[in-house]
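What follows is the residue order along each chain.
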Amino acid sequence: MRGYRLPESTRWVDAIASPPGAGHLASSPQITIRAAQWQHVTFMACLCERMEPNYREFCQQTGFGDGQLYRRILDLLWKT
């Protein structure tokens, strides 16, 4: 969007929800993603997988929590 300037009071979320030429900015922008329940669960599991190595390291360094339990829960989640 070269050369397009947003008004000073505009939030970037409003600018995305209401592109140039679409009138004034939307009053309440909402992004809705429709997906099946299995897709939501799969996405959540992927996020947890990505977090698992950091959590395991945190547990080892602080002695708080149980990284192995977290791993077992993720394994069970993938089997269901």
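Look up a bit, the structure's there.
Definitions and limits used
- Here the residue index of a chain counts from 1 through its sequence in written order.
- The model is predicted, so local features are restricted to residues of pLDDT at least 70 and side-chain atom pairs to those at 80 or more, both for listing and for counting; the totals for chains, interfaces and linings are taken over all residues.
- The basis for every side-chain value is the complete set of heavy atoms in the structure, and neither hydrogens nor water enter the calculation.
- Every case where a carboxyl oxygen of Asp or Glu lies within 4 Å of a side-chain nitrogen of Lys or Arg is listed as a salt bridge.
- Secondary structure is summarised from DSSP: a helix means a run of H or I of at least four residues, a strand means a run of E of at least two, and numbering begins at the N terminus for each.
- Here the term buried applies to any residue with accessible area under 20% of the maximum for its type, exposed to any over 50%, and partly exposed to those in between, with areas from a 1.4 Å probe on protein chains only.
- What counts as a ring pair is set by centres within 6.5 Å for rings of Phe, Tyr and Trp (its six-membered ring), and what kind of pair is set by the plane angle: stacked under 30 degrees, edge-to-face over 60, tilted for all other angles.

S.K.: I'd like a description of the pattern of salt bridges, backed by residues and values.
M.R.: Enumeration over the complete set of coordinates arrives at five salt bridges. Between Glu49 and Arg71 there is a salt bridge, with its nearest N and O atoms 2.6 Å apart. Taken as a pair, Glu49 in helix α2 (residues 37-62) and Arg71 in helix α3 (residues 67-79) lie far apart in primary sequence, 22 residues in all. Of the residues examined, Glu49 reaches a relative accessible area of 23% and is grouped as partly exposed. Among the salt bridges present, the one from Arg71 reaches Glu52, with a minimum N-O distance of 3.7 Å. With a gap of 19 residues between them, Arg71 in helix α3 and Glu52 in helix α2 connect regions that are remote in the sequence. Classification of Arg71 by relative accessible area gives partly exposed; the value is 24%. Owing to a relative accessible area of 6%, Glu52 belongs among the buried residues under this scheme. Through salt bridges with shared partners, a single ionic network connects Glu49, Glu52, Arg56, Arg71 and Asp75.

S.K.: Outline the packing of aromatic side chains, supporting the account with residue identities and numerical values.
M.R.: Throughout the structure, instances matching the rule amount to three aromatic pairs. Measuring from centroid to centroid gives 6.1 Å for Phe58 and Phe64, while their planes differ by 70°, and the two rings are edge-to-face. Phe58 gets classed as partly exposed once you look at its relative accessible area, which sits at 38%. On the basis of relative accessibility, which here comes to 57%, the residue Phe64 falls in the exposed class. Linked through ring pairs, Tyr55, Phe58, Phe64 and Tyr70 together constitute an aromatic cluster.

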